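# Structural description and commentary
Single-letter residue listing:
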Amino acid sequence: MAGEQLALTVLMGVFLVGVATLVSRMENLRAYTPLVSGDAGYGDSTATSHKPSGLIRWLTTVDHKDIGILYGIYATIAFVWGGLAVMLMRVELTTPALNVLGGTGTYNGLLTSHGITMLFLFGTPIIAAFSNYFIPLLIGADDMAFPRINGIAFWLLPPAALLIWAGFFLDPLTGGAVGAAETSWTMYTPLSAEQANPGVDLMLLGLHLSGISATMGAINFIVTIFTERSPDVNWANLDIFSWTILTQSALILFAFPLLGSALIMLLLDRNFQTAFFAVDGGSPILWQHLFWFFGHPEVYILVLPPMGLVSWILPKFSGRKLFGYKFVIYSTLAIGVLSFGVWAHHMFSSGIDPRIRASFMAVSLAIAIPSAVKTFNWIATMWNGNIRLTAPMLFCIGFVANFVIGGITGVFLAAIPVNLVLHDTYYVVGHFHWIVMGMIAFAGFGAIYYWFPIVTGKMYQKRLAKMHFWISEIGVAVTFFAMLLLGYLGMPRRYATYEFNGLIAPLAQVTTLHQVATIGAFIIMLGQLIWVWNLTQSYLEGPVVEDEDPWNLKETGQYSREFEWFGEQLDTTDEDTPTLAADGSGEPSDD
Amino acid sequence: MAREERETETSAAAKVSSWPLFVALGLAVGEVGVVMAIYPLAIGGLVLFAGSIAGILTEAGYTERPWRTLTALSGVFVALGLIVVVTQTGTSVGAIESALASTDTIVLRGFSIVGAGIVALAASIAGGSVTDAGPAA
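Computed from a prediction, not measured in an experiment: that's the story for all the values here. (Residues numbered from 1 in each chain as written. Chains lettered and ligands numbered in written order. Predicted model: local features only at pLDDT ≥ 70, side-chain atom pairs only at ≥ 80, totals over all residues. Heavy atoms only, no water.)

We now examine the overall build of chain B. Helices and strands together make up the secondary structure of chain B, namely six helices and zero strands. Buried positions account for 50% of the 137 residues belonging to chain B. Contacts in chain B between residues at least 24 apart in sequence constitute 60% of all its contacts with a sequence separation of at least 6. Roughly 6,500 Å² of accessible area belongs to chain B as shown, and the carbon and sulfur atoms make up 69% of that amount. (Helix = DSSP H or I, 4+ residues; strand = E, 2+ residues; numbered from the N terminus. Buried < 20%, exposed > 50% of the residue type's maximum accessible area, 1.4 Å probe, protein only. Contact = heavy atoms within 4.5 Å. Areas by Shrake-Rupley, 256 points an atom, 1.4 Å probe, with all protein chains shown as cover.)

Below, the structure is given as structure tokens:
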């Protein structure tokens, strides 16, 4: 033991010396490649030419566009991890008995990892990818208000992911002494407080780091949008995506520090012998209150910016301005405020006071109003418009359609009597997957296709992109409708096996629906393989975009700031350079 | 005037910085070290964290040299570590001294935070009196 500690100390010492050496070298590097003095704003191609080359560039960048790209790559890797985890689970669920995974513990670990990965390591970062890259362009800022804090916020995420996934890596190394956390993403006490597995501590620490990262990002966006706007951008003409990011950042500012505090309390309960969530201490229900006071706003943290993306992109291909711009913003703000008053609807069956339940039901149902305002505004925008079914537009329309189903199933769940019947069944799983996959991921895909020319300077393959949409939409419908039906049949969620008594639920139908859901999941996976292939191949070999208006937005008067910036970049890019200097792919030139 | 200066500075230095990566790494390693009771990681991570904070503040122009920030952070670590120790031993000096031989992991974790503070303090003294003193005469 003492030997191990000594070896670790020496290793740590060597590491610190290495860091000191590296930093002194980088400081020198900055000294002999000074950045242009004065204006390094957009349109000035020399600003991006003086970044260090290769890996060092990516490790040291504080340029909002580079950091946006890093967020995007990171989120994609997390999406693959979370996707593979769920494919293993879906394969296991094709039969009632346990016959694919090694044990139910493996299933629980995958379940926990899938949930946390998709929400914290994919959902939040993919939104940060768009906001980092595009908010400064949309509001006419040189960069984020605090570029270094932006860098810190990103670099907290890779250690966060490694810690959250650590149990899987350490399990074989430690002979099972440290395993994957099996707490589910909600980490309910007393389960999470009493599982002795150190993998749970590592996961909590990772989650804590991701929360710090999100909070730093939120502060940065609030300050940027308030103080760094170009003089001609005011609150009345601020674009809709920036409005949703501003609202989201405010939600993060109130919600994530609370999650951080609750996680520290849980860590203290586990490691420092406190009793915040013990039955004879603060009570396990306290965890549920704290967690969901964060957890429900988190839903809107994840969904408001995608709504902003759709509000931004959908009008471009409808040939009309966004219908009811002001009311879409008001409903964004209303959702933001209401989101803090609904948390106990996750706890209707936990035995809380029925009078409290009723008030939470009322507020939860009330959220349907601003949500419907948005939906009708999107539909009204398309109404009689000149609709062009490009891939980004298809994803936007899919988003609205999926929101109708995901949203209305949510309204049912908000009603206490229905909730008590469907609570903890696959109906809930189906409902929120229509939202997170059908909306959040779809808006992300739409935005990736829409802005692909700006970020890479290339055009994606349109046929593959449309295939991606249709396969994904069919996969989503097959998988998540099956889940809603499973919920009606009473199939409980979170179980690796379902060999229950036929009196509880009709086993044959349940098995069939599980198989249908698994087939749907494979269809979704096929769609995403096409997506990754399309983006990679198009980035490497796609046709170079030479038109500053690749979507013909000028025709309808919707040519916007980010494409204006793109046009300026095209004008200043060296003709010999196949990709834009700003895309983060080219080696820095010496000019 | 002040804003103008800051803007120029931001534009000139905005594209590259070696510190954010290490601030993040220091925090992550330090947190894992303290909570999982792996003392070398706790001390190393916290030292890296404190050093990078001092470095990034200097680079951003908030401070002239990093050493005073490092001294302040070392004070914070010593105080925080002692608080953790005191929660287990009580406030008498004798009890804290005898706790040095303790095998209680909470006490040891407290001492590891104190240790990080002491290393950071040594670094700040060395930096201020040796690095900034210029070449030896």
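There's plenty left to go through after this.
Bringing unusual backbone geometry into the picture now. Note on backbone geometry: most residues besides glycine have negative phi, and most peptide bonds are trans. Residues and elements named next belong to chain A. Following T189, the chain continues to P190 via a peptide bond in cis, the omega torsion being 0 degrees. A positive phi angle, near 60 degrees, is found at Q273, a position not held by glycine. The residue Q273 is located in the loop between α10 (240–271) and α11 (284–313) in this model. Even without glycine at this site, S283 takes up a positive phi of about 85 degrees. Take S283: it is sitting in the loop between α10 and α11.

To continue, consider the interface of chain A and chain B. Counting residues at the interface gives 46 residues for chain A, matched by 40 residues for chain B. Across the chain A/chain B interface, buried area totals approximately 3,900 Å², and carbon plus sulfur atoms make up 72% of it. Put simply, chain A and chain B have four residue pairs in polar contact (both at pLDDT 80 or more) between them. Going through the elements one at a time, α1 (2–32), α3 (54–60), α6 (147–155), α7 (157–173), α9 (198–227) and α10 of chain A are the ones with two or more residues in the side of chain A that touches chain B. Examining the composition of the side of chain A that touches chain B, we find that 12 residues originate from one element, α1(A), more than from any other. Residue composition of the side of chain A that touches chain B, by class: 28 nonpolar, 10 polar and eight charged. (Buried area = accessible area lost by both parts, 1.4 Å probe. Polar contact = N/O pair within 3.5 Å; in protein donor to acceptor, adjacent residues only side chain to side chain. Nonpolar A, V, L, I, M, F, W, Y, C, P; charged D, E, K, R; others polar.)

All names here are of chain B. Looking at chain B as a whole, its pLDDT mean stands at 84, while 88% of the residues score no less than 70. Least confident of the elements in chain B is helix α1 (residues 2–13), whose mean pLDDT is 43; most confident is helix α2 (residues 19–35), at 94. Note that pLDDT drops below 50 for residues 1–14; the model gives that stretch 19 contacts with residues more than four away or on any other chain. (pLDDT = per-residue confidence, 0-100.)

Further remarks concern the UniProt feature "transmembrane region" (unreviewed entry) in chain B. Residues and elements named next belong to chain B. Per the UniProt record, the feature "transmembrane region" (unreviewed entry) sits at residues 12–30, 36–57, 69–86 and 106–126. Along residues 36–57 one finds 86% helix and 0% strand; the C-alpha atoms at either end are 29 Å apart. Each end of residues 69–86 is marked by a C-alpha atom, and these two atoms are 26 Å apart; helix forms 100% of the span and strand 0%. (UniProt positions renumbered as here; feature names shortened; annotations may be inferred.)

Position of P354(A) relative to the elements: it lies in helix α13 (residues 354–366). Linking P354(A) and V86(A), residues 268 residues apart in sequence, is a C-alpha distance of 36 Å.

All right, on to the packing of α10(A) against α11(A) then. Residues and elements named next belong to chain A. Axis separation between α10 and α11 bottoms out at 8 Å; the angle between their running directions is 160 degrees. Accordingly, the angle class assigned to the pair α10 and α11 is roughly antiparallel. Taken as a pair, α10 and α11 cross one another with a handedness that is left-handed. Partitioned by chemical class, the residues of the contact of α10 with α11 number 26 nonpolar, five polar and one charged. (Axes fitted to C-alpha atoms, helices over the stretch in contact; angles between N-to-C directions. Parallel < 35°, antiparallel > 145°, perpendicular 65-115°, else oblique. Left-handed = near helix turned anticlockwise from the far one by under 90°.)

A few words now on the side chain of T247(A). Of note, T247(A) is situated in helix α10. Ignoring anything within four residues of it in the chain, the contact list for T247(A) reads L304(A), T332(A), L333(A) and G336(A).

In the structure shown here, the tally under the stated rule is 54 aromatic pairs over all chains. Look at F154(A) and W155(A): their rings are 5.0 Å apart centre to centre, the planes differ by 75 degrees, and that puts the pair in the edge-to-face class. F154(A) sits in the buried class, given a relative accessible area of 4%. With a relative accessible area of 14%, W155(A) lands in the buried category. Here F395(A) and F442(A) contribute two aromatic rings whose centre-to-centre distance is 5.2 Å and whose plane-to-plane angle is 80 degrees, an arrangement assigned as edge-to-face. Highlighted residues: F395(A) in helix α15 (residues 391–414) and F442(A) in helix α17 (residues 426–456), separated in sequence by 47 residues. Accessibility expressed as a relative area gives 0% for F442(A), which makes it buried. A cation over a ring is seen here: K554(A) above Y559(A), with NZ or CZ 4.6 Å from the ring centre. In this structure, R109(B) is placed above the aromatic ring of F272(A), and the distance from its NZ or CZ to the ring centre is 4.4 Å. (Phe/Tyr/Trp six-rings, centres within 6.5 Å; stacked < 30°, edge-to-face > 60°. Lys NZ or Arg CZ within 6 Å of the ring centre and 35° of its normal.)

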